[in-house]
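# Remarks on the overall topology
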Amino acid sequence: QAVVTQEPSLTVSPGGTLTLTCGSSTGPVTSGHYPYWFQQKPGQAPRTLIYHTSNKHSWTPARFSGSLLGGKAALTLLGAQPEDEADYYCFLSYSGTYVFGTGTKVTVL
Amino acid sequence: EVHLVESGGGLVQSGGSLRLSCAASGFTFNTYGMNWVRQAPGKGLEWVSYISSSSSAILYADTVKARFTISRDNAKNSLYLQMNSLRAEDTAVYYCARDGGRVRGVIDPDYWGQGTLVTVSS
C-alpha cells in the first residue's frame with residue numbers, strides 16, 4: 001500500500017502564511033489522485049476543507065486553498081488565525097484504494 | 001442540515017463482535033454513498049469501508065476485509081458496520097462520513113459524524 005507523507009508539525013504566526021504538503025511513495029501526486037484536505041481540532045471530528053485538489057466546500061474559509069506543487073498536493077493557509085490550530089490530513093485515491101496522509105499538526109503562535 | 005450520529009461503540013474482548021450504527025438526517029439518504037473512517041487513539045485517520053447508495057458497490061480496506069461488513073437500510077436512513085474477529089488494533093473512534101459522489105468510482109467524504117469509540121481488550 002502507498003504511503004502518503006506530510007510534515008509532522010508546522011508553526012505559523014498569526015496573520016502569516018503556511019503551506020502544507022502531501023507526498024506519495026508511488027511517485028508524483030496528480031489530479032488523478034483526487035487530493036483532499038481535512039482539518040481536525042482536538043476532540044472533534046474531521047472536517048473536509050478541500051476536495052479534488054483545489055475545490056472548497058461552502059464552509060471552507062477563503063484563506064485556505066489547495067493546489068499541486070512540485071509533485072505534491074499542497075494546502076496553503078494565507079493569513080493564519082488562532083482557530084486554524086489543528087491537525088490537517090490529506091487523502092489520496094489509488095484506483096480503488098484510499099490512503100490518508102500521516103497528518104500535520106499546525107500551531108499558530 | 002446534514003446530521004450523522006454514530007452509536008454502538010463500547011468495550012469488547014479480542015475475537016468478539018460489535019455492530020456500529022450511523023443515523024442520518026438532513027439529506028436524501030438513499031441517494032448518497034457512505035463511508036466508515038476510523039482513528040486509533042492519538043493516531044491518524046484510516047479509511048475503512050464504503051457502500052454505494054443502493055448497496056451495489058462495496059469496498060473495504062485490506063486491514064478489515066473479511067472481518068467487517070458494511071450495510072445500510074435506506075428505509076431507516078441508517079448505515080451499519082458489523083465488526084467480527086476484533087483485534088486490539090481495531091481500537092479506534094469510528095466515524096461515518098457521507099460520500100459526495102462527485103466523481104464515479106472515487107471516495108468523496110464530505111460530512112462527518114462525531115464518532116463512536118470502540119475499545120478491543122486483549
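In short, a report on the structure. Please read these numbers as outputs of a predicted model, since none were measured by experiment. All chains use their own residue numbering, which begins from 1 and follows the written sequence. Numbering of ligands from 1 and lettering of chains from A proceed in the order in which they are written. Given that this is a predicted model, residues contribute local features only at a pLDDT of at least 70 and side-chain atom pairs are listed and counted only at 80 or more, while totals for whole chains, interfaces and linings are drawn from all residues. Each side-chain value is worked out from all heavy atoms of the structure, with water and hydrogens disregarded.

### Structural notes on the side chain of Glu 6 of chain B
All names here are of chain B.
- Within the secondary structure, Glu 6 sits in strand 1 (residues 3-7).
- Only protein chains enter the area calculation, which uses a 1.4 Å probe; residues under 20% of their type maximum are buried, those over 50% are exposed, and those in between are partly exposed. In this tally, Lys and Arg are treated as positive and Asp and Glu as negative; His is ignored, and so are the chain termini. We count a salt bridge whenever a side-chain nitrogen from Lys or Arg sits within 4 Å of a carboxyl oxygen from Asp or Glu. Arg 98 is the oppositely charged side chain nearest to the buried, salt-bridge-free Glu 6, at an N-O distance of 13 Å.
- Nitrogen and oxygen atoms within 3.5 Å of one another constitute a polar contact, given that in protein one can donate a hydrogen and the other can accept it, and given that sequence-neighbouring residues count only through two side-chain atoms. A polar atom in the side chain of Glu 6 sits 3.1 Å from the backbone nitrogen of Gln 114.
- One polar contact links the side chain of Glu 6 to the main-chain amide nitrogen of Gly 115, over a distance of 2.8 Å.
- Contact definition: two residues touch when any of their heavy atoms are within 4.5 Å. Excluding its chain neighbours within four sequence positions, the residues that come into contact with Glu 6 are Ser 21, Cys 22, Trp 36, Tyr 94, Tyr 95, Cys 96, Gly 113, Gln 114, Gly 115 and Thr 116. Labels follow the DSSP assignment, with helices taken as runs of H or I lasting at least four residues and strands as runs of E lasting at least two, numbered in each case from the N terminus.

### Notes on the interface of chain A and chain B
- Between chain A and chain B, the contact holds 17 residues from the first and 21 residues from the second.
- Where chain A abuts chain B, roughly 1,700 Å² becomes buried across the two surfaces, and 65% of that area is made up of carbon and sulfur atoms.
- Seen at the junction of chain A and chain B, the total is 0 salt bridges.
- Where chain A packs against chain B, one counts 10 residue pairs in polar contact (both at pLDDT 80 or more).
- Elements that contribute at least two residues to the side of chain A that touches chain B include exactly strand 4 (36-40), strand 5 (47-51), strand 9 (86-94) and strand 10 (97-100) of chain A.
- Each residue is assigned to one of three groups, with Ala, Val, Leu, Ile, Met, Phe, Trp, Tyr, Cys and Pro labelled nonpolar, Asp, Glu, Lys and Arg labelled charged, and all others, Gly among them, labelled polar. Tallied by class, residues from the side of chain A that touches chain B come to 11 nonpolar, 6 polar and no charged. Summed over both partners, buried area is the accessible surface (1.4 Å probe) that two parts give up on being assembled.

### Here we look at the side chain of Thr 76 of chain A
- Relative to the assigned elements, Thr 76 of chain A resides in strand 8 (residues 72-78).
- In terms of polar contacts, Thr 76 of chain A uses its side chain to reach the side chain of Thr 19 of chain A, at 3.3 Å.

### Some points on the state of the cysteines
Residues and elements named next belong to chain A.
- Disulfides are defined in this document as cysteine sulfur pairs within 2.5 Å. Taken as a whole, this structure holds 2 disulfides over all chains when the rule is applied.
- One disulfide in the model links Cys 22 with Cys 90; its S-S distance is 2.1 Å. Handedness of the Cys 22-Cys 90 disulfide follows from its S-S torsion of about 75 degrees: it is right-handed. A residue pair is termed long-range when its members are at least 10 positions apart, and Cys 22 in strand 3 (residues 17-24) and Cys 90 in strand 9 qualify at 68 residues.
- Given the relative accessible area of 0%, Cys 22 is considered buried.

### Quick notes on the environment of Gly 101 of chain A
All names here are of chain A.
- Following the sequence through the fold, Gly 101 ends up in the loop between strand 10 and strand 11 (104-108).
- Residue Gly 101 is classed as buried on the basis of its relative accessible area of 4%.
- Not counting residues within four places of it along the chain, the set of residues in contact with Gly 101 comprises Val 4, Gln 6, Tyr 89 and Cys 90.

### Overview of the packing of aromatic side chains
- Side-chain rings of Phe, Tyr and Trp, where Trp is taken by its six-membered ring, are said to pair if the distance between their centres is within 6.5 Å; with planes under 30 degrees apart they count as stacked, over 60 as edge-to-face, and otherwise as tilted. Scanning the entire structure with this criterion turns up 13 aromatic pairs over all chains.
- Here the aromatic rings of Tyr 36 of chain A and Phe 38 of chain A are separated by 6.0 Å at their centres, their planes lie at 5 degrees, and the arrangement is stacked.
- The class for Phe 38 of chain A is buried, based on a relative accessible area of 0%.
- Between Tyr 98 of chain A and Trp 47 of chain B the ring centres are 5.2 Å apart and the planes differ by 65 degrees, which places this aromatic pair in the edge-to-face class. Of this pair, Tyr 98 of chain A sits in strand 10 while Trp 47 of chain B sits in strand 5 (residues 45-51), which puts the two residues in different chains.
- Every member of this aromatic cluster is reached through a ring pair, and the members are Tyr 36, Phe 38, Phe 91, Tyr 98 and Phe 100 of chain A together with Trp 47, Tyr 95 and Trp 112 of chain B.
- A cation over an aromatic ring shows up here: Arg 72 of chain B above the ring of Phe 29 of chain B, its NZ or CZ 4.2 Å from the ring centre.
- Lying across the ring of Phe 27 of chain B, Arg 98 of chain B places its NZ or CZ 5.1 Å from the centre. We call a charge positioned over a ring when the NZ of a Lys or the CZ of an Arg lies within 6 Å of the ring centre and within 35 degrees of the ring normal.

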